[in-house]
Amino acid sequence: MAKEVTKLVHEYLRHDKKFPHVWCPGCGNGIVLGALIRAIDRLGLEKDEIVLASGIGCSGRMPVYADFNTLHTTHGRCLTFATGVKLANPALTVITVMGDGDATAIGGNHFIHAARRNLDLTAIIINNQIYGMTGGQFSPTTPYGSHASTARYGHIEHAFSISELAVTAGASFVARATVYHATLIEDMIKKSIENGGFGVVEVISNCHTEYGRRNNMADPVTMLQWMKEHAVTVEKAGKMSPEELAGKFTVGVLADVKKPVYTEEYEKIRKRAGAPKAGERA
Amino acid sequence: MSGNLPNRRLIQGNEAIVEGALAAGCRFFAGYPITPASEISEILSARMPEVGGTFIQMEDEIASMGAIIGASLAGTKSMTATSGPGFSLMQENLGFACIAEVPCVVVNVMRGGPSTGLPTSPAQGDVMQARWGTHGDHPIIVLAVSTVLDSFEITVRAFNLSEKYRVPVIILSDEVVAHTRETVSLPAWEDLEVTDRISPDTPPEWYVPYEGSSSGVPDMAAFGKGYRYHVTGLVHDVRGFPTQRPEEIEAFTSRLFRKISQGFHEIQKVETVFMEDAETAVIAYGSVARSAHRAVIMGRSQGLRVGLLKLVTLFPFPRRLVEPVLHQCKAVLVPEMNMGQISREVNRVNSSACRVIKHNRFDGQLITPEELMPRIEKMTS
């Protein structure tokens, strides 16, 4: 296993990028990056074919370390850039990584429309329930009653459920995992890419520095323990009563459907408009 | 153009922009509905698939701007079109295109502002926004169109400059030019000079994405071509990786400006009418230049030695082309459909005894030749 990990690190991380990375010790972002790399390796995708795009925040720094075509965009907008990349070259596998604030506050509009449009993209959303990089302000997923640097008296707003939002907005594939369930993240990313439509993989992660510290979980182990205790598989949740599910969240596949994909639909439009075939295009 | 004018067509300015973009090789357009720019989207939704390109209507103008940057990074010439309110939303990602040096063309068909303003009456209120709208020091190119033929030719030119200098180019049109129909003869695509960005020909391991040649413009690899590199909106080193080192930041920002200033002779363009012996001149751009042109002809018929300096390039402001006019003339009139934006630039570069006279209209109406005449007569006397 250790040898296998070293091999993957050498293969997929940039040797000319100055490490160490910007993340705090114990941050869940590294677990997500590891899972992403393993999923790509298992799919046998070429590095040249992959575009990894991000927005702004701690998650936004992920692409710089990975040896793909990498794109660090503006806050909340990475799905819009990814849309352009994918449409200009549908042969590329385009993966975006965003944070909860990035994807569902400033980027919320782009998120729901990307899901509705069903372009072949995978959106990994690292949900640590806080704005970590800027110092622990509450985000759209900060739980009611918890504390943040801008919720000193306890948070009075209610949290989005990102995955459920994605299902409603029409994403072809939606799954949730946690950084405790590291191999599940890997499986879900792989499945999402394989689905061929717009896929969302929400990963509950730990920001012990900015969220845990203010909410009685000041170290990563405590936070991962919390994930272990509160996560219920989708299958198991189906057999549980609402009372038993109170305070819990589901992990696993929440949606996996086949719908017409934008690029395929657009190719039909080109045919109807009498466009030259792909190889003949100027 | 051939003698029998096979491409002679009666079209509006917005349609000419579409044809110019396609002729220049634009194969990706993302936009959001807004008057008076919507015809550009509507026509491209039909034209793009015909030529094998892609049209997409995005959820807003922020997304449109992001999408054209993404498409350009994947190697496709890209454009969006909007009006004032949408142009405001595009400023964020426009800055990204500046710092990451992503070629793209943004059309702003101006209407009265601020905010929702005057839909849909002509105005020229976005001139300074086009130059300085996005935050931070940045180079940008802004071109103005005043006729339907301009709308075609300058759009081709916008793409050429954008590709060559790896900088976003803003085309400022306005409601009058956009919706005026004129008969034009569009040149065949093969007769046009079209510039493409320079792709690296070095092996990927030798590619330094943001080094820049002597021109200051780095070769640009499209995503998926084997050159795996990093693109970011952070200030970056020559490898594209974020940096905080003062010497790298300084070198980076200097190069961004140097690549444009070294191209001033090519980028800056004006047109002159009756300027040879002019004692006074009208300096105008956009639809106002049409009225100014007419007024100058009327003035000449009265024996007035008045000329026209029509600005095609608004930014980088063509100082070296405006200064001689200011030295030649005792007075210049700068009519604008705003409170006075380019007149500030004219004043800024005026080191002679030339009087700079503003003429501003901001009531949603086009400046007419008739209203310019008394100003020209007074200036000339």
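Each value, and the rule that gives it
Numbering of residues starts from 1 in every chain and runs along the sequence as written. Chains and ligands are labelled sequentially in the order written, the chains with letters from A and the ligands with numbers from 1. Residue-level local features of this predicted model are given only where pLDDT is at least 70; pairs of side-chain atoms are given and counted only at 80 or more, and the full residue set underlies all totals for whole chains, interfaces and linings. Hydrogen atoms and water are omitted, and side-chain values are computed over all heavy atoms in the structure. Counting from the N terminus, the helices are DSSP H or I runs at least four residues long and the strands are E runs at least two residues long. Categorising residues by exposure relies on relative accessible area from a 1.4 Å probe, with only protein chains included: less than 20% of the type maximum marks a residue as buried, more than 50% marks it as exposed, and the intermediate range marks it as partly exposed. Between two residues, a contact is recorded if the distance between any of their heavy atoms is within 4.5 Å. Per-residue and other accessible areas follow the Shrake-Rupley method at a 1.4 Å probe size, with only the shown protein chains counted as cover for residues. Charge assignment in this entry is limited to Lys and Arg as positive and Asp and Glu as negative, and neither His nor the chain termini are counted. The atoms used to mark charge sites are NZ of Lys, CZ of Arg, CG of Asp and CD of Glu. Domain start and stop points were drawn from an automatic or database domain assignment. Accessible area that two parts lose when put together, with a 1.4 Å probe and added across both, is what the buried area reports. Only strands joined by at least two bridges in the DSSP assignment are considered to pair.

Here we take up the overall build of chain B. For chain B, the helix and strand inventory stands at 13 helices and 16 strands. A principal-axis box enclosing the C-alpha atoms of chain B has dimensions of 70 × 45 × 45 Å. The buried share among the 381 residues of chain B stands at 61%. For chain B, the proportion of contacts with a sequence separation of at least 24, taken over those separated by at least 6, is 77%. Per element, the accessible surface of chain B, about 13800 Å² overall, is 51% carbon and sulfur. On chain B, the mean spot of the 35 positive side-chain charges and the mean spot of the 42 negative ones are 4 Å from each other.

A word on the domain arrangement of chain B. Residues and elements named next belong to chain B. Under the domain assignment used here, chain B contains domain 1 (8–191) and domain 2 (269–380). Placing a centre on the C-alpha atoms of domain 1 and another on those of domain 2 gives a separation of 26 Å. Contacts between the two partners involve 28 residues from domain 1 and, on the opposite side, 25 residues from domain 2. For the pair domain 1 and domain 2, the summed buried surface comes to about 2000 Å²; carbon and sulfur atoms form 58% of the total. Among the residues domain 1 hides against domain 2, the three largest losses belong to Gln 124, Met 128 and Ser 146. Together they make up 31% of the total.

Attention now goes to helix H5 (residues 108–117) of chain A. Every buried residue of H5(A) is listed here: Gly108(A), His110(A), Phe111(A), Ala114(A), Ala115(A) and Arg117(A). Within two residues after H5(A), Asn118(A) carries a phi angle of roughly 60°, on the positive side.

Residue and element names in this part refer to chain B. Note that Ile 342 resides in helix H12 (residues 342–349). Accessibility expressed as a relative area gives 0% for Ile 342, which makes it buried. Sequence separation between Ile 342 and Ile 43 is 299 residues, and the spatial gap between their C-alpha atoms is 32 Å. Once residues within four sequence positions are removed from consideration, Ile 342 is found in contact with Val 127, Tyr 285, Leu 311, Leu 314, Phe 315, Phe 317, Val 334 and Glu 336.

Residue and element names in this part refer to chain A. Within strand S4 (residues 121–127), 7 of the 7 residues are buried, which leaves the element mostly enclosed by the surrounding structure. Residues Leu 121, Ala 123, Ile 125 and Asn 127 point to one face of S4 and Thr 122, Ile 124 and Ile 126 to the other, with burial holding for every one of them. As judged from the 6 bridges shared by strand S3 (residues 93–99) and S4, these two strands associate in the parallel manner. Residue Met 98 lies in a different strand from S4, and its bridge partner there is Ile 125. With 6 bridges connecting them, S4 and strand S6 (residues 199–204) associate as parallel partners. Residue pairing for S6: Thr 122 is matched across the bridge by Gly 199.

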